[in-house]
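Structural characterization, general
Take a look at the letters that make up each chain.
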Amino acid sequence: MSEVAATIDRDLDRYREELFDFLRIPSISAQSEHDADTRRAAEWLVERMREAGLEAEVCETPRHPVVYGEWLGAGPDAPTVLVYGHYDVQPVEPLDEWESDPFEPVIRDGRIYARGTADDKGQLYLHVKAIEAHLKARGRLPVNVKVIAEGEEEIGSPNLVPFVEANRERLAADAVVISDSGLFAPGIPSILYSLRGLAYFELHVQGPDADLHSGVYGGPVVNPANALARIVASLHDERGRIAIEGFYDDVVEWDEETRAEIRGLPFDEEGFMREIGVTALGGEEGYSTLEKRWSRPTCDVNGMLSGYTGEGAKTVLPARATAKVSFRLVPDQDPARVGELFRAHVERVTPPGVRVRVDELHGGRPWRARLDARLEQAARRALERAFGRPPVLVGEGGSIPIVGEFERVLEAPALLIGFSYPGCNLHAPNEWFAVEAFELGIRTIATLYDELGG
Ligand code: BES
Ligand code: ZN
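We now turn to the structure provided with this report. (Residues numbered from 1 in each chain as written. Chains lettered and ligands numbered in written order. Predicted model: local features only at pLDDT ≥ 70, side-chain atom pairs only at ≥ 80, totals over all residues. Heavy atoms only, no water.)

Points about the packing of helix α1 (residues 2-23) against helix α13 (residues 435-453)
It is the contact of α1 with α13, at a shortest axis distance of 11 Å, that shows an interaxial angle of 135°. With respect to their mutual orientation, α1 and α13 come out oblique. Note on packing geometry: the crossing formed by α1 with α13 is right-handed. Contacts from V4, A5, I8, D9, L12, Y15, R16 and L19 in α1 reach V435, F438, E439, I442, R443 and A446 in α13. Taken together, the residues of the contact of α1 with α13 break down into 10 nonpolar, no polar and 4 charged. (Axes fitted to C-alpha atoms, helices over the stretch in contact; angles between N-to-C directions. Helix = DSSP H or I, 4+ residues; strand = E, 2+ residues; numbered from the N terminus. Parallel < 35°, antiparallel > 145°, perpendicular 65-115°, else oblique. Left-handed = near helix turned anticlockwise from the far one by under 90°. Contact = heavy atoms within 4.5 Å. Nonpolar A, V, L, I, M, F, W, Y, C, P; charged D, E, K, R; others polar.)

And the structure:
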């Protein structure tokens, strides 16, 4: 390992400068005015992957390209690792809440601030640099590596599953390694054992043909905004449970051992509340905060729109109302089944006088790790060597729908080790990634290859 470690020491400043260049490209996948930027990020990445020693190319899809690269010099008897990450980023609005330009990275207090630092450019790039360090130091890697990076993760990966299915042979691997999540706390290396799934809908409530005077028409005419509020309010009961019939049928309760392990983690609830600026927490009765975030399903309104929202008063009875509603799912819930139950519920509670439509946005299955012992031991040793302490097992509340699809199509276990810190403002203004986490990530992954290949 030492010559690889020495190479990392020597080249670290350059790695960071390159990452800054990557971060300067506004590859916002959701916004079509950034389509050319998103492509530029893919092309930039391919160039860096080639420089690192991978054979790499841009692969077209109906929208944002997939980047693929490989180094297969370890031979057919060595294990093959598939690395996945995404080079697209979330939109930056509200822009005025950023303390510095989201696409001009700066270091403040040991943190690299820019959109996409943690999610996921910094974490994707540390893999490329770990590969580069091996190839530069030794001319070879102890494992075969394949790297796939998509530009559509933040919009639900619409083209990646077909790509993976069509390239099953090419992507074949013994393990999929992903860094798109976080550490339990700074300095505590973490292996992820669960991600929640997602089922995301748009609810449209239509009343009269056009907006009406709320005095002249209010009373007999059913107000779509009021109706929407009633529908939304009906989604939970007073104990914080989701009140959709059959919703919990497929929820697997976690075993006592895992629940005890979660309870044993040093979670600072007061600090958590302080960090997000609230004075009390809610949610489902009978579960701890970490359980509510990691192992219980949710239903949340993500956006609402109706009537007059401009300055001052306008007495109007709106013609329509819209809400974006998403469910986070846990094993063994199925997004399609949740969609059916949600539709049935909405139809049942919608008052006469308005029409309702439920459109599907996107979804993904929940995931629970099924690491084989060899992979888990290699990950444990690599994390312990890089961080100087053994890792903890953690869950996550977010979703990476492709993880389960990789496992299904490639029949290989996924290992999720992420390096971002709690409170790093994913999807929010002032996203950051710790300078030291970028370095620790490179060292961990470089060591992981030795552990897996040894
Ligand atoms: N990296 C995140 C998911 C994540 C966040 C995993 C925190 C673990 C910890 C990913 O980029 C993401 O944001 N995914 C979306 C889902 C997607 C279908 C839009 C999410 O969770 O909202
Ligand atoms: Zn994200």
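Back to the text.
Here we look at a negative patch on the surface
Residues E245, D249, D250 and D332 make up a contiguous surface patch of negative charge. Residue placement: D332 occurs in the loop between β13 (320-329) and α10 (335-349). (Patch = residues over 30% accessible without salt bridge, like charges linked within 9 Å, V, L, I, M, F, W, Y side chains within 5 Å. Areas by Shrake-Rupley, 256 points an atom, 1.4 Å probe, with all protein chains shown as cover. Salt bridge = Lys/Arg side-chain N within 4 Å of Asp/Glu carboxyl O. Lys, Arg positive; Asp, Glu negative; His and termini not counted. Charge placed at Lys NZ, Arg CZ, Asp CG, Glu CD.)

Some remarks on the sheet that holds strand β5 (residues 111-113)
The antiparallel open sheet is built from 3 strands, whose spatial order is β4-β5-β18. In this open sheet, the two strands that pair with only one neighbour each are β4 (106-108) and β18 (432-434). The sheet shows a mean angle of 30° between the axes of neighbouring strands, direction not considered. Running over the sheet, α1 touches β4 and β5 and is turned about 25° from β5. Along the sheet, α13 contacts β4, β5 and β18; its crossing angle with β18, the most-contacted strand, is approximately 60°. (Pairing = 2+ DSSP bridges.)

Comments concerning the nonpolar core
Judged by nonpolar contacts, the single largest core of 70 residues is most densely connected at F22, L45, Y87, F419, L448 and Y449. Each residue touching F22, except ones within four places of it in the same chain, is listed here: A41, W44, L45, Y87, K121, L124 and Y125. Core analysis: the second largest hydrophobic core is formed by 36 residues, Y84, L160, V164 and I402 among them. (Core = buried A, V, L, I, M, F, W, Y, C linked by side-chain atoms within 4.5 Å. Buried < 20%, exposed > 50% of the residue type's maximum accessible area, 1.4 Å probe, protein only.)

What about the environment of E431?
The topology assignment puts E431 in the loop between β17 (414-416) and β18. On the basis of relative accessibility, which here comes to 1%, the residue E431 falls in the buried class. Note: C-alpha distance between E431 and I242 (189 residues apart in sequence) is 31 Å. A polar side-chain atom of E431 sits 3.1 Å from the main-chain amide nitrogen of A118. (Polar contact = N/O pair within 3.5 Å; in protein donor to acceptor, adjacent residues only side chain to side chain.)

Here's the deal with the coordination of the zinc ion (ligand 2)
For the zinc ion (ligand 2), the full set of protein donor atoms is D119 (OD), E154 (OE), E154 (OE) and H427 (NE2), and the range of their distances to it is 2.0 to 2.6 Å. Angles of 54 to 153° at the metal separate the 6 donor atoms of the zinc ion (ligand 2), which places the site in the irregular class. As a motif over one chain, the donors of the zinc ion (ligand 2) read D-x34-E-x272-H. One end of the pair, D119, is in helix α3 (residues 117-138); the other, H427, is in the loop between β17 and β18, with 308 residues separating them in the sequence. Residue classification places D119 among the buried residues on the basis of a relative accessible area of 8%. (Donors = N, O, S within 2.8 Å, 3.2 Å for Na, K, Ca; no water. Tetrahedral: all angles 85-135°; square planar, octahedral: opposite > 155°, others 65-115°.)

A closer look at helix α7 (residues 256-264)
Here α7 has its buried residues at T258, R259 and I262. Seen from one end, α7 has its buried residues packed into an arc of 100°, which puts them on one side. Turned more than 90 degrees off the buried face of α7, the exposed positions are E257 and G264. (Arc of directions from axis to C-beta.)

Observations concerning the packing of aromatic side chains
Enumeration over the complete set of coordinates arrives at 14 aromatic pairs. Judged by centre distance (5.5 Å) and plane angle (50°), the ring pair of Y193 and W254 falls under tilted. Taken together, the residues span a long stretch of sequence, with Y193 in strand β8 (residues 190-195) and W254 in the loop between α6 (224-233) and α7 at a distance of 61 residues. Relative accessible area serves as the criterion here: at 10%, Y193 is assigned to the buried category. Through successive ring pairs, a cluster of aromatic residues spans F201, F247, Y248, F327 and F342. In this arrangement the basic side chain of R108 is found over the ring face of Y113, its NZ or CZ atom lying 4.0 Å from the centre. Over the ring of W432 we find R111; its NZ or CZ atom is 3.7 Å from the centre of that ring. (Phe/Tyr/Trp six-rings, centres within 6.5 Å; stacked < 30°, edge-to-face > 60°. Lys NZ or Arg CZ within 6 Å of the ring centre and 35° of its normal.)

As for the environment of R370
Within the element layout of this structure, R370 appears in the loop between β15 (367-368) and α11 (373-387). Take R370: its relative accessible area is 48%, and that puts it in the partly exposed class. Counting along the chain gives 43 residues from R370 to P413, while the straight-line C-alpha distance between them is 6.3 Å. Non-local contacts of R370, meaning those with residues more than four positions away in its chain, are made with E407 and P413.

Observations regarding the sheet that holds strand β11 (residues 298-306)
Overall, antiparallel pairing links the 4 strands, which are arranged β11-β13-β9-β14 in an open sheet. The sheet is open, and its two borders are formed by β11 and β14 (355-364), each paired with just one other strand. Taken over all neighbouring pairs, the strand axes of this sheet differ in orientation by 15° on average, direction set aside. Sheet topology places strand β9 (residues 197-206) next to β14; 9 bridges connect them, and they run antiparallel. Bridge pairing links L203 to V358 in β14. Along the sheet, α6 contacts β9, β11 and β13; its crossing angle with β9, the most-contacted strand, is approximately 150°. Here α10 sits on the sheet in contact with β9, β13 and β14, set at roughly 25° to β9.

Details of the site of ligand 1
As a structural note, the neighbourhood of ligand 1 is formed by 18 residues, with E153, D180, R328, S399 and H427 the closest of them. For ligand 1, an oxygen atom lies 2.8 Å from a polar atom in the side chain of R328. The contact in question runs from an oxygen atom of ligand 1 to an N or O atom on the side chain of H427, over 2.8 Å. Calculation on ligand 1 without its partners gives an accessible area of 520 Å², and the protein chains cover 90% of this total. For the shell around ligand 1, the per-class residue count stands at 5 nonpolar, 7 polar and 6 charged. (Near = heavy atom within 4 Å.)

By themselves, these figures tell us nothing about what the structure is for.
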